[in-house]
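Letter by letter, the chains look like this.
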Amino acid sequence: MPSSILLQSGAAGAMVFFLLILAVTIAIIWWTYTDAQKNSTHPAFLWAIVVFLAPILGLVLYLILGRDRL
């Protein structure tokens, strides 16, 4: 009986972790899109797609290559 409770709490913890990662990824995509509209001559939508496809690498690329103003 205790092992089934442990499995259920582990699944809930994994779901919370997944939702947290999803929320952070969406926030990074949204920030990149809005920042690119203000600080980049490149299309903001394309930067959002790059960050969607590769979140960490896309964000680093945007910060290095995409921003015209600091």
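Now for a quick tour of the structure. Quick caveat, the model's predicted, so the values are computed rather than measured. (Residues numbered from 1 in each chain as written. Predicted model: local features only at pLDDT ≥ 70, side-chain atom pairs only at ≥ 80, totals over all residues. Heavy atoms only, no water.)

**Considering the overall build of the protein chain**
Point 1. Counting its secondary structure elements, the protein chain contains 3 helices and 0 strands.
Point 2. Element order for the protein chain, N to C, with α for helix and β for strand: α-α-α.
Point 3. Sorting the 70 residues of the protein chain into buried and exposed places 20% on the buried side.
Point 4. When contacts within the protein chain are restricted to residue pairs at least 6 apart in sequence, those whose partners lie at least 24 apart make up 43%.
Point 5. On the protein chain, roughly 5300 Å² of surface is accessible, and the fraction owed to carbon and sulfur atoms is 80%. (Helix = DSSP H or I, 4+ residues; strand = E, 2+ residues; numbered from the N terminus. Buried < 20%, exposed > 50% of the residue type's maximum accessible area, 1.4 Å probe, protein only. Contact = heavy atoms within 4.5 Å. Areas by Shrake-Rupley, 256 points an atom, 1.4 Å probe, with all protein chains shown as cover.)

**Brief notes about helix α3 (residues 55–66)**
Point 1. The set of residues buried in α3 consists of Gly58, Leu59, Tyr62 and Gly66. All buried residues of α3 fall inside an arc of 100° around its axis, so they share one side. Among the exposed residues of α3, those pointing more than 90 degrees away from its buried face are Ile56, Leu57, Ile64 and Leu65. (Arc of directions from axis to C-beta.)

**Regarding the packing of aromatic side chains**
Point 1. Inspection of every chain in the model, using the stated rule, returns 3 aromatic pairs.
Point 2. Each ring, one from Trp30 and one from Tyr33, has its centre 6.1 Å from the other, and the planes form 40°; the classification is tilted. One end of the pair, Trp30, and the other, Tyr33, are both in helix α1 (residues 2–39), 3 residues apart, so they sit about a helical turn from each other.
Point 3. Residue Trp30 is classed as exposed on the basis of its relative accessible area of 57%.
Point 4. Using a relative accessible area of 28% as the deciding quantity, one classes Tyr33 as partly exposed.
Point 5. A connected cluster of aromatic rings, assembled from ring pairs, spans Trp31, Trp47 and Tyr62. (Phe/Tyr/Trp six-rings, centres within 6.5 Å; stacked < 30°, edge-to-face > 60°.)

**A few points about the packing of helix α2 (residues 44–53) against α3**
Point 1. The geometry of α2 relative to α3 is characterised by a closest axis approach of 5 Å and an angle of 145° between their N-to-C directions. Across the interface between the two elements, Trp47, Val50, Val51, Phe52 and Leu53 from α2 touch Pro55, Gly58, Leu59, Leu61, Tyr62, Leu65 and Gly66 from α3.
Point 2. Taken together, the residues that form the contact of α2 with α3 break down as 10 nonpolar, 2 polar and no charged. (Axes fitted to C-alpha atoms, helices over the stretch in contact; angles between N-to-C directions. Nonpolar A, V, L, I, M, F, W, Y, C, P; charged D, E, K, R; others polar.)

**Quick look at the environment of Val51**
Point 1. With respect to the helices and strands, the residue Val51 is situated in helix α2.
Point 2. We classify Val51 as buried; its relative accessible area is 0%.
Point 3. As for Val51 and Ile28, which are separated by 23 residues in sequence, their C-alpha atoms are 7.7 Å apart.
Point 4. Beyond its immediate stretch of four places on either side in the chain, Val51 contacts Ile28, Ile29, Thr32, Gly58 and Leu59.

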